[in-house]
Amino acid sequence: DAKTTQPPSMDCAEGRAANLPCNHSTISGNEYVYWYRQIHSQGPQYIIHGLKNNETNEMASLIITEDRKSSTLILPHATLRDTAVYYCIVRVPTGANNLFFGTGTRLTVIP
Amino acid sequence: EPEVTQTPSHQVTQMGQEVILRCVPISNHLYFYWYRQILGQKVEFLVSFYNNEISEKSEIFDDQFSVERPDGSNFTLKIRSTKLEDSAMYFCASSDSLFTEAFFGQGTRLTVV
């Protein structure tokens, strides 16, 4: 089951940073935070993941609070193509690598 | 960039018929998955597959479902006797290890009539 809480929807102006929050107050010490997104009805797309340090890649940055109970995905310069549902998932990268998707945040980038 | 490919993109079948959904995972990946998404609902895990056997399956993955890797490239999901409620998008995914991200295909939309 999803162990995260996300706002159901957010808007962001094109060109501005989109900051998507996620609460995971029951996260365990060995659980990672993963972010995926789903554009329209396409397959989910991996964005980024982290354990406790902040992470950055070509798509986004992930900021995890010191107590690890929440995180924020940052899209630094949102474009219209970033309009999608964003999923925050916590998981232990062992076992069968299953992902349990919640309802996510529907981000709408506005021109 | 390597990608997971799924065929067909859309399949319509009559209730009670068998369907096989096909996937070609990324070539050097070892872990394979099926997920489904009923229209307007969450993406749900069905099954994971590694080393030619099922690693884990969800409650949804009952006896009507089976998976197979018939050769070195394909990974299939079979639904033996489809029901109306099997109508959904079915996504295949693969990863090269337990510690890396899963790559998803674009999905097969299954419509049971």
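*Asks:* Please set out the sheet that holds strand S6 (residues 61-64) of chain A residue by residue, giving values where relevant.
*Replies:* Residues and elements named next belong to chain A. Strand order in the open sheet formed by four strands is S2-S7-S6-S5, with antiparallel pairing between adjacent strands. Strand pairing shows two members of the sheet lacking a second neighbour, strand S2 (18-23) and strand S5 (55-56), which therefore form its edges. When S6 meets strand S7 (residues 70-75), the two strands line up antiparallel, connected through four bridges. From the neighbouring strand, Ile 64 faces S7, where its bridge partner is Ser 71.

*Asks:* Mind laying out the state of the cysteines, listing which residues take part and the relevant values?
*Replies:* Residue and element names in this part refer to chain A. Within the structure shown, the criterion is met by two disulfides over all chains. At a sulfur-sulfur separation of 2.1 Å, the disulfide partner of Cys 22 is Cys 88. On the sign convention where negative is left-handed, the bridge of Cys 22 and Cys 88, at about -80° about the S-S bond, is left-handed. Taken as a pair, Cys 22 in strand S2 and Cys 88 in strand S8 (residues 84-91) lie far apart in primary sequence, 66 residues in all. Assessed through its relative accessible area of 1%, Cys 22 is described here as buried. Residue Cys 88 is classed as buried on the basis of its relative accessible area, which comes to 1%.

*Asks:* Tell me about the sheet that holds strand S8 (residues 75-79) of chain B, and please be specific about residues and values.
*Replies:* Residues and elements named next belong to chain B. Strand order in the open sheet made by the four strands is S1-S3-S8-S7, with antiparallel pairing throughout. Either end of the sheet is taken by a strand with one partner, and the two such strands are strand S1 (5-7) and strand S7 (65-68). Strand-to-strand, the axes of this sheet are offset by a mean angle of 20°, without reference to chain direction. Where S7 lies against S8, four bridges are found, and the strand directions are antiparallel. Bridging across to S8, Phe 65 finds its partner in Ile 79.

*Asks:* Break down the interface of chain A and chain B for me, citing the residues and quoting the values.
*Replies:* At the interface, 22 residues of chain A touch 22 residues of chain B. When chain A packs against chain B, the two sides together hide about 1,800 Å² of surface, and 53% of this comes from carbon and sulfur. Counting across the chain A and chain B interface gives zero salt bridges. Across the chain A-chain B interface, the total number found is three residue pairs in polar contact (both at pLDDT 80 or more). Counting only elements with at least two residues in the side of chain A that touches chain B, the list comes to strand S3 (32-38), strand S4 (45-50) and S8 of chain A. In terms of residues, the side of chain A that touches chain B owes the most to one element, S3(A), which gives three residues. Split by residue class, the side of chain A that touches chain B holds ten nonpolar, eleven polar and one charged.

Rules of the game
- Residues numbered from 1 in each chain as written.
- Chains lettered and ligands numbered in written order.
- Predicted model: local features only at pLDDT ≥ 70, side-chain atom pairs only at ≥ 80, totals over all residues.
- Heavy atoms only, no water.
- Pairing = 2+ DSSP bridges.
- Helix = DSSP H or I, 4+ residues; strand = E, 2+ residues; numbered from the N terminus.
- Disulfide = S-S within 2.5 Å.
- Buried < 20%, exposed > 50% of the residue type's maximum accessible area, 1.4 Å probe, protein only.
- Axes fitted to C-alpha atoms, helices over the stretch in contact; angles between N-to-C directions.
- Contact = heavy atoms within 4.5 Å.
- Buried area = accessible area lost by both parts, 1.4 Å probe.
- Salt bridge = Lys/Arg side-chain N within 4 Å of Asp/Glu carboxyl O.
- Polar contact = N/O pair within 3.5 Å; in protein donor to acceptor, adjacent residues only side chain to side chain.
- Nonpolar A, V, L, I, M, F, W, Y, C, P; charged D, E, K, R; others polar.

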